Amino acid sequence: MELEKGFLQKKIDPALDLFEEINYLKKKKNAVILAHYYQDADIQDIADYIGDSLGLAQEAQKTSSEIILFAGVHFMAETAKILNPNKKVLIPDLKAGCSLADSCPPDRFAAFKKDHPDHIVITYINCTAEIKALSDIICTSSNAVHIVESLAKDQKIIFAPDKNLGAYINKKTGRNMVLWDGSCMVHEIFSLEKLTKLKIQNPNAEIIAHPECESNILELADFIGSTTALLNYTKRSTSKEFIVLTETGILHQMQKSCPDKTFIPAPPNNNCACNDCPHMKLNTLEKIYIALKYEQPELIMDEKLLNEAKKPILKMLELSAKFGL
Ligand code: 13P
Ligand code: SF4
């Protein structure tokens, strides 16, 4: 459908109940909304499925809906499209990128790969389709350690693009993977000084952190895991207070599942009180409504690239199923 010029600037009737409208459009168009935990609370509440990167890829693989609206960032929607080339994949804001994916340009990565000819390439899902096409196996923070450990001990490995996750896996598995020098703007900005002060003020709080954080922060953590692993940990832990070192969107689900517990977002090294991903937060209920109504913006991919990027993603999904993840 051709969009009228400037449709995004169009004012949405303030009398509209966006929850009602979105639910109506979802049903009418056989659309599913997949949302990452880093989305705003209202988006999480309207989503059909909320998850971390692995959960979202698995859900995208099995959906029977004709339209997938991806409330996350570009590389996530791209993964959903790669797994569903014949479905329409909508992304509420095409500008929702990722600093980590941007830190790994395909031409530089191809040269890096050439410099390490006998290495297997394991790539974190937070990268572009071009980088996936240059990879042997994709991983997420949920399955990275399992995937690395499934390879022979003497297998040489390139790990890209997140150097912090790579260093964490090296430490955990005793490997010496060659790391690409990339990082996430959200997870590398936590302040050790502010975290230490926060822990002194809240001595009973457990520190829980995402492995994209820097190693000096991870050293203080009582538990390290993917977004889903962090959420599950807060449910099973007997602690009543947690200092959370990841994007603040996850606090919505933590608070929802454990209303009697206290979740303190760890402050970043700037003047903000919490740590939002500016890319994830580009999505809004209004943009989701417009995307579903006009079926735009749609994610379109080159067929050859899609097929090349698909192989390492399927490998990851196959291994994850084998590991029971
Ligand atoms: P997970 O979804 O694997 O926890 O990764 C977090 C992230 O940074 C997503 O952009
Ligand atoms: Fe990328 Fe970091 Fe935002 Fe995730 S949180 S989308 S890795 S910038």
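Up top is the structure.
Please read all numbers here as calculations on a predicted model, not as lab measurements.

**Some details on the overall build of the protein**
No. 1: If you tally the helices and strands in the protein, you get 15 helices and twelve strands.
No. 2: Compactness check: the protein gives a C-alpha radius of gyration of 20 Å against a globular reference of 20 Å for 325 residues, within 12% of the reference.
No. 3: When its C-alpha atoms are laid out on the principal axes, the protein stretches across 55 × 50 × 35 Å.
No. 4: In the protein, which comprises 325 residues, the share counted as buried stands at 54%.
No. 5: Considering only contacts within the protein whose residues lie at least 6 apart along the sequence, 65% involve residues at least 24 apart.
No. 6: Split by element, the accessible area of the protein, about 14,600 Å² in all, is 51% carbon and sulfur.
No. 7: Charged side chains of the protein number 38 positive and 43 negative; the gap between the two group centres comes to 3 Å.

**Quick look at the packing of helix α3 (residues 53–62) against helix α4 (residues 74–83)**
No. 1: At a closest axis distance of 9 Å, the pairing of α3 and α4 adopts a crossing angle of 30°. On the basis of their axis angle, the class for α3 and α4 is roughly parallel. Judged by the sense of rotation from one axis to the other, the crossing of α3 with α4 is right-handed. Here Ser53, Leu56, Ala57, Ala60 and Gln61 of α3 lie close against α4, whose contacting residues are Met76, Thr79, Ala80 and Leu83.
No. 2: Across the contact of α3 with α4, the residue classes tally to six nonpolar, three polar and no charged.

**Overview of the sheet that holds strand β11 (residues 241–245)**
No. 1: Strand order across the open sheet formed by four strands is β10-β9-β11-β12, with parallel pairing between neighbours. Pairing within the sheet leaves two strands with one partner each, and these edge strands are β10 (223–224) and β12 (262–265).
No. 2: The pairing of strand β9 (residues 206–209) with β11 spans four bridges and is classified as parallel. From the neighbouring strand, isoleucine 208 faces β11, where its bridge partner is valine 244.
No. 3: Lying over the sheet, helix α10 (residues 192–201) contacts β9, β11 and β12, oriented at roughly 175° with respect to β11.

**A look at the site of ligand 2**
No. 1: Neighbouring residues of ligand 2: Tyr38, Val73, Cys98, Ser99, Asn126, Cys184, Val186, Glu212, Cys277, His279 and Met280.
No. 2: Split into classes, the residues belonging to the shell around ligand 2 amount to seven nonpolar, three polar and one charged.

**Some details on the site of ligand 1**
No. 1: Every one of the 14 residues lining ligand 1 counts as a neighbour, but His36, Ser53, Ser141, His210 and Thr227 are closest to it.
No. 2: A distance of 2.6 Å separates an oxygen atom of ligand 1 from a polar atom in the side chain of serine 141.
No. 3: For ligand 1, an oxygen atom lies 2.9 Å from a polar atom in the side chain of histidine 210.
No. 4: Compared with its free state, where it exposes 300 Å², ligand 1 has 96% of that area covered by protein.
No. 5: A class-by-class count of the residues in the shell around ligand 1 yields five nonpolar, seven polar and two charged.

**Let's talk about the pattern of salt bridges**
No. 1: Counted by the stated rule, this structure contains 14 salt bridges.
No. 2: Its salt-bridge partner being lysine 29, residue glutamate 295 comes within 3.0 Å of it at the nearest N-O pair. Of the two residues, glutamate 295 sits in the loop between α14 (285–294) and α15 (303–322) while lysine 29 sits in helix α1 (residues 18–29), which places them 266 residues apart along the sequence.
No. 3: Here lysine 88 ties to glutamate 295 by a salt bridge, and the two come within 2.7 Å at their closest N and O atoms. In this pair, lysine 88 is assigned in strand β4 (residues 88–90) and glutamate 295 in the loop between α14 and α15, connecting sequence segments 207 residues apart.
No. 4: Because the salt bridges share partners, they merge into one network encompassing Lys29, Lys88 and Glu295.

**Let's talk about the pairing of strand β7 (residues 157–160)**
No. 1: Neither face of β7 is exposed, since Ile157 and Phe159 on one face and Ile158 and Ala160 on the opposite face are all buried.
No. 2: Following the chain from β7 across helix α9 (residues 163–173) to the adjacent parallel strand β8 (residues 178–179), one finds a crossover that is right-handed.

**Examining the nonpolar core**
No. 1: Within the largest apolar cluster, 80 residues are counted, with the highest numbers of intra-cluster contacts made by Ile169 and Leu245.
No. 2: Of all the elements, α15 adds the most residues to this core, at seven residues.
No. 3: Once you skip the residues sitting within four places of it in the chain, isoleucine 169 turns out to touch Ala144, Val145, Val148, Phe159, Gly174 and Met177.
No. 4: Formed by 20 residues, the second largest nonpolar core is a distinct cluster that contains Ile22, Ala35, Leu69 and Leu285.

**Details of α4**
No. 1: By the criterion of burial, α4 is predominantly enclosed, with nine of the ten residues buried.
No. 2: By the burial criterion, the buried members of α4 are Phe75, Met76, Ala77, Glu78, Thr79, Ala80, Lys81, Ile82 and Leu83.
No. 3: Residues of α4 that are buried in the fold lie against β1 (31–36), α3, β3 (67–71), β4, α7 (129–133) and α15.

What counts, and where the lines are drawn
- Residues numbered from 1 in each chain as written.
- Chains lettered and ligands numbered in written order.
- Predicted model: local features only at pLDDT ≥ 70, side-chain atom pairs only at ≥ 80, totals over all residues.
- Heavy atoms only, no water.
- Helix = DSSP H or I, 4+ residues; strand = E, 2+ residues; numbered from the N terminus.
- Rg over C-alpha atoms; globule rule 2.2 N^0.38 Å.
- Buried < 20%, exposed > 50% of the residue type's maximum accessible area, 1.4 Å probe, protein only.
- Contact = heavy atoms within 4.5 Å.
- Areas by Shrake-Rupley, 256 points an atom, 1.4 Å probe, with all protein chains shown as cover.
- Lys, Arg positive; Asp, Glu negative; His and termini not counted.
- Charge placed at Lys NZ, Arg CZ, Asp CG, Glu CD.
- Axes fitted to C-alpha atoms, helices over the stretch in contact; angles between N-to-C directions.
- Parallel < 35°, antiparallel > 145°, perpendicular 65-115°, else oblique.
- Left-handed = near helix turned anticlockwise from the far one by under 90°.
- Nonpolar A, V, L, I, M, F, W, Y, C, P; charged D, E, K, R; others polar.
- Pairing = 2+ DSSP bridges.
- Near = heavy atom within 4 Å.
- Polar contact = N/O pair within 3.5 Å; in protein donor to acceptor, adjacent residues only side chain to side chain.
- Salt bridge = Lys/Arg side-chain N within 4 Å of Asp/Glu carboxyl O.
- Right-handed = clockwise from strand over helix to strand, strands pointing away.
- Core = buried A, V, L, I, M, F, W, Y, C linked by side-chain atoms within 4.5 Å.

So far we have only geometry, and geometry alone does not tell us how the molecule works.
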